[in-house]
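Residue strings, one per chain:
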Amino acid sequence: YAVIEALANSATIEDAASWVLRAVAESLEWPVAAMWLVDKNSDHLRCIDYWCHDALDTSVFEQQTRTNQYKRGVGPGRTWDLCAPTWIVDVTKESKFSRRDSALACGLHAALSFPMVLDGDVVGVVEFFTLRVLEPDETLLKMFAALGQQLGAFVGRTRAQEQLERFFTMSGDLL
């Protein structure tokens, strides 16, 4: 419900991101979340928002998350490449997890990520992290696959609206 409300009250995914991340993270009781969008120009993922519970200091992990960009297949780009929700039982034991050292420093362990999908293409990735080592939960993975479809559709609608507005602005200028 909170995600639907956030989308209904936002003009873009960037506007909705902090609401979505917080609502889902708090309901899961997973204290860290990030949202990434595919930058079509550079063909990389870039972080558009990061959320962390107030009781946790993840400043180094946050800085890495906000400044790093990932290509398909690397970091959150693995979820982009797979086009499916993914689960890491313990990021501190995962050699391919690029932010492993900073995750270890702030006590992060399990990670769940899912793609935002629009017409079969990944337009973004959402990640959640917890302080516990957890085995995959298939029910959560299925639920987040559905949420990824909703978020992808929202991105598509807002992009179409932006294109329409640009068209009318350009048409007005031409007249």
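None of the values given here were measured: they were computed from a predicted structure.

Visitor: An account of the overall build of the chain is needed here, citing residue identities and associated values.
Guide: Scanning the chain from terminus to terminus reveals 6 helices and 6 strands. Starting at the N terminus and ending at the C terminus, the chain contains elements arranged as α-α-β-β-α-β-α-β-α-β-β-α. Buried residues in the chain amount to 45% of all 175 residues. When contacts within the chain are restricted to residue pairs at least 6 apart in sequence, those whose partners lie at least 24 apart make up 59%.

Visitor: Talk me through the sheet that holds strand S5 (residues 111-118); I want residue IDs and the actual numbers.
Guide: Judged by pairing direction, the sheet is antiparallel, and its 6 strands sit side by side in the order S3-S2-S1-S6-S5-S4 without closing on themselves. Where the open sheet ends on each side, the last strands, each with one partner, are strand S3 (69-71) and strand S4 (86-88). Geometrically, the sheet is characterised by an average inter-axis angle of 25 degrees between neighbouring strands, direction not taken into account. Contacts from helix H2 (residues 13-28) reach strand S1 (32-39), strand S2 (44-52), S5 and strand S6 (121-129), with the element oriented near 55 degrees to S2. Helix-sheet contacts for helix H3 (residues 59-67) involve S1, S2, S3 and S6, and the interaxial angle to S2 is about 150 degrees.

Visitor: Can you break down the environment of Lys 142 residue by residue, with the values?
Guide: Checked against the element boundaries, Lys 142 lands in helix H6 (residues 138-174). Overall, the relative accessible area of 64% leaves Lys 142 in the exposed class. In the structure, Lys 142 is positioned 58 residues away from Ala 84 in sequence and 9.5 Å away in space, judged by C-alpha atoms.

Visitor: Could you give an account of the state of the cysteines, naming the residues involved and the relevant values?
Guide: Two cysteines, two sulfur atoms, one covalent bond between them: this is a disulfide. On inspection of all chains with the given rule, the structure shows 0 disulfides. Left without a disulfide partner, Cys 106 is nearest to the cysteine sulfur of Cys 52, which lies 7.5 Å away.

Visitor: How would you explain the packing of aromatic side chains if you had to name every residue and give the values?
Guide: The description of two aromatic rings rests on the distance between their centres and on the angle between their planes. A full pass over the atoms with the stated rule returns 8 aromatic pairs. The interplanar angle of 55 degrees and the centroid separation of 6.4 Å between the aromatic rings of Tyr 50 and Phe 61 together place this pair among those described as tilted. Of this pair, Tyr 50 sits in strand S2 while Phe 61 is found in helix H3, placing the two residues 11 residues apart along the sequence. You can call Phe 61 buried: its relative accessible area is 1%. Summarising the aromatic geometry, the rings of Phe 61 and Phe 129 are spaced 5.1 Å apart at their centres and angled 80 degrees between planes, so their arrangement reads as edge-to-face. Here Phe 61, found in helix H3, pairs with Phe 129, found in strand S6; they are 68 residues apart in sequence, far enough to count as distant. Grouped by ring-pair contacts, the aromatic residues Tyr 50, Phe 61, Phe 97 and Phe 129 constitute a single cluster.

So, how was this worked out
- Residues numbered from 1 in each chain as written.
- Predicted model: local features only at pLDDT ≥ 70, side-chain atom pairs only at ≥ 80, totals over all residues.
- Heavy atoms only, no water.
- Helix = DSSP H or I, 4+ residues; strand = E, 2+ residues; numbered from the N terminus.
- Buried < 20%, exposed > 50% of the residue type's maximum accessible area, 1.4 Å probe, protein only.
- Contact = heavy atoms within 4.5 Å.
- Pairing = 2+ DSSP bridges.
- Axes fitted to C-alpha atoms, helices over the stretch in contact; angles between N-to-C directions.
- Disulfide = S-S within 2.5 Å.
- Phe/Tyr/Trp six-rings, centres within 6.5 Å; stacked < 30°, edge-to-face > 60°.

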